[in-house]
Amino acid sequence: VSASPSARGPRALSSYPVYSEFIAKHGSAQSFRVLMTVFQRAGLPIEEQRRFVRACEAEEFDSGSYIVRQGEMGNKFSVVTGGTLIVRDEDATSARDVVHLYEGHHFGEMSLLERKARVASVVAEGRVHCLSLTKEHFDALTDGDSKFRAMVRELHDRVVRTRERRRELADVIS
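Note that the structure is predicted; figures quoted are calculated from it, not measured. (Residues numbered from 1 in each chain as written. Predicted model: local features only at pLDDT ≥ 70, side-chain atom pairs only at ≥ 80, totals over all residues. Heavy atoms only, no water.)

### A look at unusual backbone geometry
- Although it is not a glycine, Arg115 adopts a positive phi angle of roughly 55 degrees.
- Considering the arrangement of structural elements, one finds Arg115 in the loop between helix H6 (109–114) and strand E6 (121–134). (Helix = DSSP H or I, 4+ residues; strand = E, 2+ residues; numbered from the N terminus.)

This is the structure we're talking about:
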């Protein structure tokens, strides 16, 4: 499929093979539109899309809610389908907002892939909607040689490279 779902309009959404299954489970065409954009960027085959749709759960968070906390072990991977999140670096004496996440952004893969504690907290700024995979479902989808695994690994590597560049710039500035 060449055009993104949002560019083709809402009527075209029903032509996607996993649309009916997603709507039956979650009921949100907007969330599906966001998810299809993520799937298309990754080039995920239909069967991997089905596995994701069957495994994901819709979540809603109120403003100020912590979705994940820095220092905790990761237990889920999430895609933002509505609202804004703040990624916050916290320690015992201070907190620094690092970046905002919006519709289509994701979080949680680093802790799951590296099997390490979370490096930042994620906090809702206003009402937020996400589609999330538990650690078990994430592991099942990233097991073996899947396109989903390749997509998540590339996203993870991009975040790591960005962090390294920011550290290098901070060193030069200071």
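Next comes the rest of the write-up.
### Here's the deal with the packing of aromatic side chains
- Counting across every chain of the model gives four aromatic pairs.
- Ring centres of Phe22 and Phe32 lie 5.3 Å apart, and the angle between their planes is 50 degrees; on these two criteria the pair is classed as tilted. Of this pair, Phe22 sits in helix H3 (residues 19–26) while Phe32 sits in helix H4 (residues 29–42), and the two are ten residues apart along the sequence. Of the two residues, Phe22 and Phe32, neither departs from the other in class, the shared state being buried.
- An aromatic cluster of at least three residues, connected via ring pairs, comprises Tyr19, Phe22 and Phe32. (Phe/Tyr/Trp six-rings, centres within 6.5 Å; stacked < 30°, edge-to-face > 60°. Buried < 20%, exposed > 50% of the residue type's maximum accessible area, 1.4 Å probe, protein only.)

### Quick notes on the pairing of strand E4 (residues 95–101)
- Pairing of strand E3 (residues 76–90) with E4, which is carried by six bridges, proceeds in the antiparallel orientation. By the bridge assignment, Ile86 is partnered in E4 with His100.
- Linking two consecutive strands that pair antiparallel, namely E3 and E4, is a turn of four residues. (Pairing = 2+ DSSP bridges.)

### What about the pattern of salt bridges?
- Scanning the model with the defined rule gives nine salt bridges in all.
- Taking the shortest distance from any N to any O, the salt bridge between Glu57 and Lys25 comes out at 3.4 Å. A residue pair is termed long-range when its members are at least 10 positions apart, and Glu57 in strand E1 (residues 57–61) and Lys25 in helix H3 qualify at 32 residues.
- Taking the relative accessible area as the measure of exposure, Glu57 reaches 43% and is therefore partly exposed.
- Overall, the relative accessible area of 33% leaves Lys25 in the partly exposed class.
- As a salt-bridge pair, Asp139 and Arg115 come within 3.3 Å of each other at their nearest N and O atoms. One end of the pair, Asp139, is in helix H7 (residues 135–142); the other, Arg115, is in the loop between H6 and E6, and 24 residues separate them in sequence.
- Taken together, the salt bridges that share partners define one network made up of Glu60, Asp62 and Arg127. (Salt bridge = Lys/Arg side-chain N within 4 Å of Asp/Glu carboxyl O.)

### Some details on the state of the cysteines
- Enumeration over the complete set of coordinates arrives at zero disulfides.
- Of all cysteine sulfurs in the structure, the one in Cys130 sits closest to Cys56, which takes part in no disulfide; the separation is 11 Å.
- We classify Cys130 as buried; its relative accessible area is 1%. (Disulfide = S-S within 2.5 Å.)

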